[in-house]
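Structure at a glance
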Amino acid sequence: MKSLFTKRLSLLPLLALAGMLGAGAAAAQTADLLISEYVEGSANNKAVEIYNGTADAVALGTYTLDRYANGATVPYSIALPAINLAPGATHVITHNQADAVLLSRADQVNANLNFNGNDALVLARAGIAVDSVGRVGEDPGTAWTCAGGSTLNHTMRRVSSVCGGDTDPSNAYDPCLGWVFFAVDTFSGVGSHVTDCGAVADEATSWGAIKATYR
Ligand SMILES: [Ca+2]
Ligand SMILES: [Ca+2]
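Parameters at a glance
- Residues numbered from 1 in each chain as written.
- Chains lettered and ligands numbered in written order.
- Predicted model: local features only at pLDDT ≥ 70, side-chain atom pairs only at ≥ 80, totals over all residues.
- Core = buried A, V, L, I, M, F, W, Y, C linked by C-beta atoms within 7 Å.
- Buried ≥ 20, exposed ≤ 12 C-beta atoms within 10 Å, placed from the backbone.
- Helix = DSSP H or I, 4+ residues; strand = E, 2+ residues; numbered from the N terminus.
- Contact = placed C-beta atoms within 7 Å.
- pLDDT = per-residue confidence, 0-100.
- Pairing = 2+ DSSP bridges.
- Axes fitted to C-alpha atoms, helices over the stretch in contact; angles between N-to-C directions.

1. Observations concerning the nonpolar core
- By size, the foremost hydrophobic cluster in this structure holds 34 residues, and its most contacted members are Leu-33, Ile-35, Ala-47, Val-48, Leu-121 and Leu-123.
- Broken down by secondary-structure element, the contributors of at least two residues to this core are strand S1 (34-40), strand S2 (46-51), strand S4 (63-68), strand S7 (90-94), strand S9 (120-125) and strand S10 (128-133).
- Dropping the residues within four chain positions of it, Leu-33 is found in contact with Ile-50, Tyr-51, Asn-52, Val-58, Tyr-63, Leu-123, Val-130 and Asp-131.

Okay, structure coming up:
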(Lines give C-alpha, C1' and ligand atoms only; values in the text may rest on other atoms or scores of the structure.)
(Ligands and ions follow the chains in the order given, each with its own letter.)
Protein backbone atom coordinates (compact mmCIF):
# COMPACT_ATOMS: atom_id res chain seq x y z
CA MET A 1 0.00 0.00 0.00
CA LYS A 2 2.77 2.39 0.82
CA SER A 3 4.33 2.19 -2.61
CA LEU A 4 0.95 2.73 -4.32
CA PHE A 5 0.27 5.73 -2.12
CA THR A 6 3.67 7.21 -2.95
CA LYS A 7 3.11 6.73 -6.66
CA ARG A 8 -0.28 8.41 -6.49
CA LEU A 9 1.28 11.40 -4.76
CA SER A 10 3.92 11.72 -7.43
CA LEU A 11 1.24 11.72 -10.15
CA LEU A 12 -0.72 14.61 -8.71
CA PRO A 13 1.25 17.50 -10.27
CA LEU A 14 1.24 15.76 -13.63
CA LEU A 15 -2.50 15.16 -13.47
CA ALA A 16 -3.05 18.80 -12.60
CA LEU A 17 -0.90 19.82 -15.57
CA ALA A 18 -2.76 17.42 -17.81
CA GLY A 19 -6.04 18.96 -16.70
CA MET A 20 -4.83 22.43 -17.64
CA LEU A 21 -3.63 21.27 -21.05
CA GLY A 22 -6.82 19.33 -21.63
CA ALA A 23 -8.99 22.34 -20.98
CA GLY A 24 -7.72 24.10 -24.08
CA ALA A 25 -6.35 21.47 -26.37
CA ALA A 26 -8.13 18.16 -26.13
CA ALA A 27 -11.86 18.75 -26.53
CA ALA A 28 -13.70 16.16 -28.58
CA GLN A 29 -14.94 16.90 -32.07
CA THR A 30 -18.58 17.82 -32.36
CA ALA A 31 -20.97 15.05 -31.43
CA ASP A 32 -23.12 15.48 -34.54
CA LEU A 33 -24.12 18.26 -36.94
CA LEU A 34 -24.67 21.67 -35.35
CA ILE A 35 -26.87 24.62 -36.18
CA SER A 36 -23.95 27.02 -36.35
CA GLU A 37 -25.68 30.21 -37.51
CA TYR A 38 -29.27 31.47 -37.42
CA VAL A 39 -30.39 34.51 -39.41
CA GLU A 40 -33.72 36.03 -38.38
CA GLY A 41 -33.51 39.16 -40.51
CA SER A 42 -35.84 41.66 -42.12
CA ALA A 43 -38.45 40.62 -44.71
CA ASN A 44 -37.51 37.15 -45.99
CA ASN A 45 -33.92 37.26 -44.82
CA LYS A 46 -33.98 33.90 -43.08
CA ALA A 47 -31.16 31.40 -43.05
CA VAL A 48 -29.87 28.43 -41.10
CA GLU A 49 -26.26 27.28 -41.38
CA ILE A 50 -25.54 23.65 -40.53
CA TYR A 51 -21.97 22.66 -39.69
CA ASN A 52 -20.26 19.29 -39.81
CA GLY A 53 -17.69 19.35 -37.02
CA THR A 54 -17.36 15.58 -36.91
CA ALA A 55 -14.42 13.65 -38.33
CA ASP A 56 -16.46 12.06 -41.11
CA ALA A 57 -18.59 13.02 -44.08
CA VAL A 58 -22.24 13.09 -43.06
CA ALA A 59 -25.15 12.03 -45.27
CA LEU A 60 -27.48 15.03 -45.08
CA GLY A 61 -30.40 13.11 -46.55
CA THR A 62 -31.06 11.45 -43.20
CA TYR A 63 -31.70 14.87 -41.58
CA THR A 64 -34.58 17.31 -41.57
CA LEU A 65 -34.88 20.90 -40.41
CA ASP A 66 -38.16 21.11 -38.56
CA ARG A 67 -39.96 24.39 -37.88
CA TYR A 68 -42.48 24.48 -35.04
CA ALA A 69 -44.47 27.70 -35.51
CA ASN A 70 -45.98 29.68 -32.62
CA GLY A 71 -45.87 26.94 -29.99
CA ALA A 72 -46.91 24.15 -32.32
CA THR A 73 -46.00 20.57 -31.44
CA VAL A 74 -46.24 19.34 -35.03
CA PRO A 75 -43.54 20.66 -37.35
CA TYR A 76 -43.28 21.77 -40.89
CA SER A 77 -40.37 19.61 -41.98
CA ILE A 78 -37.77 20.61 -44.58
CA ALA A 79 -35.85 17.70 -46.07
CA LEU A 80 -32.13 18.13 -46.56
CA PRO A 81 -30.62 16.97 -49.87
CA ALA A 82 -29.10 13.52 -50.36
CA ILE A 83 -25.52 14.73 -50.42
CA ASN A 84 -22.50 14.13 -48.22
CA LEU A 85 -21.35 17.08 -46.13
CA ALA A 86 -17.58 16.99 -45.71
CA PRO A 87 -15.94 17.43 -42.30
CA GLY A 88 -15.54 21.13 -41.58
CA ALA A 89 -18.07 22.13 -44.24
CA THR A 90 -21.35 23.98 -43.85
CA HIS A 91 -24.75 23.60 -45.53
CA VAL A 92 -26.75 26.82 -45.74
CA ILE A 93 -30.53 26.90 -46.18
CA THR A 94 -32.15 30.25 -46.93
CA HIS A 95 -35.62 31.47 -47.76
CA ASN A 96 -36.05 31.54 -51.53
CA GLN A 97 -36.86 35.27 -51.46
CA ALA A 98 -33.97 36.31 -49.23
CA ASP A 99 -31.65 39.21 -50.01
CA ALA A 100 -29.34 38.54 -52.98
CA VAL A 101 -26.28 38.58 -50.72
CA LEU A 102 -27.81 35.94 -48.50
CA LEU A 103 -29.01 33.91 -51.51
CA SER A 104 -25.47 33.94 -52.88
CA ARG A 105 -24.41 31.97 -49.80
CA ALA A 106 -27.21 29.39 -50.04
CA ASP A 107 -26.72 25.69 -50.73
CA GLN A 108 -30.48 25.12 -50.56
CA VAL A 109 -33.46 27.47 -50.77
CA ASN A 110 -36.89 26.78 -49.38
CA ALA A 111 -40.03 28.95 -49.24
CA ASN A 112 -41.00 27.29 -45.97
CA LEU A 113 -37.96 28.57 -44.12
CA ASN A 114 -40.18 31.47 -43.06
CA PHE A 115 -39.59 31.35 -39.32
CA ASN A 116 -39.61 34.34 -37.06
CA GLY A 117 -38.57 34.88 -33.46
CA ASN A 118 -41.22 32.74 -31.80
CA ASP A 119 -40.76 29.60 -33.91
CA ALA A 120 -38.62 26.72 -32.66
CA LEU A 121 -36.21 25.08 -35.11
CA VAL A 122 -35.01 21.52 -34.68
CA LEU A 123 -32.33 19.75 -36.68
CA ALA A 124 -33.26 16.09 -36.52
CA ARG A 125 -31.67 12.86 -37.71
CA ALA A 126 -34.31 10.23 -38.45
CA GLY A 127 -36.68 12.17 -36.22
CA ILE A 128 -34.28 12.49 -33.27
CA ALA A 129 -33.17 16.01 -32.35
CA VAL A 130 -29.46 16.65 -32.71
CA ASP A 131 -29.74 20.42 -32.22
CA SER A 132 -32.40 23.06 -31.70
CA VAL A 133 -33.17 26.76 -31.31
CA GLY A 134 -36.12 27.78 -29.14
CA ARG A 135 -38.52 25.53 -27.27
CA VAL A 136 -40.98 23.26 -29.03
CA GLY A 137 -44.53 23.69 -27.76
CA GLU A 138 -43.97 27.18 -26.33
CA ASP A 139 -45.00 30.45 -27.95
CA PRO A 140 -42.91 33.09 -26.18
CA GLY A 141 -44.87 35.93 -27.84
CA THR A 142 -42.40 37.49 -30.24
CA ALA A 143 -39.09 35.90 -29.28
CA TRP A 144 -36.98 34.01 -26.77
CA THR A 145 -34.82 36.65 -25.16
CA CYS A 146 -31.94 37.04 -22.74
CA ALA A 147 -29.65 39.86 -21.63
CA GLY A 148 -28.47 41.37 -24.91
CA GLY A 149 -29.97 38.68 -27.10
CA SER A 150 -33.16 37.69 -28.88
CA THR A 151 -34.23 35.14 -31.47
CA LEU A 152 -35.96 38.03 -33.32
CA ASN A 153 -34.19 40.51 -35.62
CA HIS A 154 -30.73 39.11 -34.99
CA THR A 155 -28.10 36.90 -36.50
CA MET A 156 -27.06 34.32 -33.91
CA ARG A 157 -23.72 32.58 -34.27
CA ARG A 158 -22.70 29.53 -32.25
CA VAL A 159 -19.85 30.10 -29.83
CA SER A 160 -16.76 28.26 -31.04
CA SER A 161 -16.53 26.21 -27.85
CA VAL A 162 -19.92 24.57 -28.45
CA CYS A 163 -19.15 20.97 -29.43
CA GLY A 164 -22.60 19.43 -29.11
CA GLY A 165 -26.11 20.51 -30.01
CA ASP A 166 -29.10 21.34 -27.83
CA THR A 167 -30.66 17.90 -28.10
CA ASP A 168 -33.63 18.67 -25.83
CA PRO A 169 -35.99 20.93 -27.79
CA SER A 170 -38.64 20.82 -25.05
CA ASN A 171 -36.84 22.33 -22.06
CA ALA A 172 -36.63 26.03 -21.19
CA TYR A 173 -34.67 28.00 -23.76
CA ASP A 174 -32.03 30.66 -23.06
CA PRO A 175 -30.60 32.03 -26.32
CA CYS A 176 -27.57 33.47 -24.50
CA LEU A 177 -26.30 29.97 -23.77
CA GLY A 178 -23.83 29.18 -26.52
CA TRP A 179 -24.68 31.96 -28.97
CA VAL A 180 -23.31 35.39 -29.82
CA PHE A 181 -25.57 38.01 -31.36
CA PHE A 182 -25.12 40.29 -34.36
CA ALA A 183 -27.26 43.11 -35.75
CA VAL A 184 -30.26 42.31 -37.93
CA ASP A 185 -29.30 41.35 -41.52
CA THR A 186 -25.69 40.45 -40.70
CA PHE A 187 -24.76 37.88 -43.36
CA SER A 188 -20.96 38.05 -43.27
CA GLY A 189 -20.48 34.85 -41.28
CA VAL A 190 -22.89 32.69 -43.25
CA GLY A 191 -21.20 29.84 -45.09
CA SER A 192 -18.33 28.99 -42.76
CA HIS A 193 -17.87 28.08 -39.13
CA VAL A 194 -15.02 27.30 -36.79
CA THR A 195 -15.02 25.48 -33.49
CA ASP A 196 -12.44 24.79 -30.81
CA CYS A 197 -13.55 21.15 -30.86
CA GLY A 198 -10.34 19.62 -32.20
CA ALA A 199 -9.60 15.97 -32.65
CA VAL A 200 -9.12 13.90 -29.51
CA ALA A 201 -5.47 14.29 -28.49
CA ASP A 202 -3.06 11.64 -29.62
CA GLU A 203 0.54 10.93 -28.70
CA ALA A 204 1.77 13.79 -30.85
CA THR A 205 0.32 16.34 -28.43
CA SER A 206 1.62 17.26 -25.00
CA TRP A 207 -1.35 15.70 -23.20
CA GLY A 208 -1.02 12.56 -25.30
CA ALA A 209 2.65 12.30 -24.38
CA ILE A 210 1.82 12.49 -20.68
CA LYS A 211 -0.84 9.79 -21.06
CA ALA A 212 1.58 7.58 -22.97
CA THR A 213 4.14 7.87 -20.15
CA TYR A 214 1.71 6.30 -17.69
CA ARG A 215 0.31 3.51 -19.79
CA1 LIG B 1 -44.03 32.69 -35.65
CA1 LIG C 1 -33.17 22.90 -25.27
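2. Re the confidence of the model for the protein
- Per-residue pLDDT for the protein averages 86, and the proportion of residues at 70 or more is 80%.
- Across residues 1-26, confidence stays below pLDDT 50; counting only partners more than four residues off in sequence or on other chains, it has 13 contacts.
- Contacts for the low-pLDDT stretch residues 200-215, under 50 throughout, to residues beyond four places or in other chains number 19 contacts.

3. Remarks on the sheet that holds strand S8 (residues 108-109)
- Ordered in space as S8-S7-S2-S1-S13-S14, the six strands form an open sheet in which the pairing is mixed. Sheet topology places S8 and strand S14 (179-182) at the edges, where each strand pairs with a single neighbour.
- Looking at chain direction, S7 and S8 are connected through two bridges and run parallel. From the neighbouring strand, Ile-93 faces S8, where its bridge partner is Gln-108.

4. Some remarks on the sheet that holds S10
- The strand order S5-S4-S9-S10 describes an open sheet built from four strands, whose pairing is antiparallel. A single partner strand is all that each edge strand has here, and the edge strands are strand S5 (76-79) and S10. Looking at each pair of strands side by side, their axes are set apart by 25° on average, direction ignored.
- Here S4 pairs with S9 via six bridges, running antiparallel. Bridge pairing in S9 places Tyr-63 opposite Arg-125.

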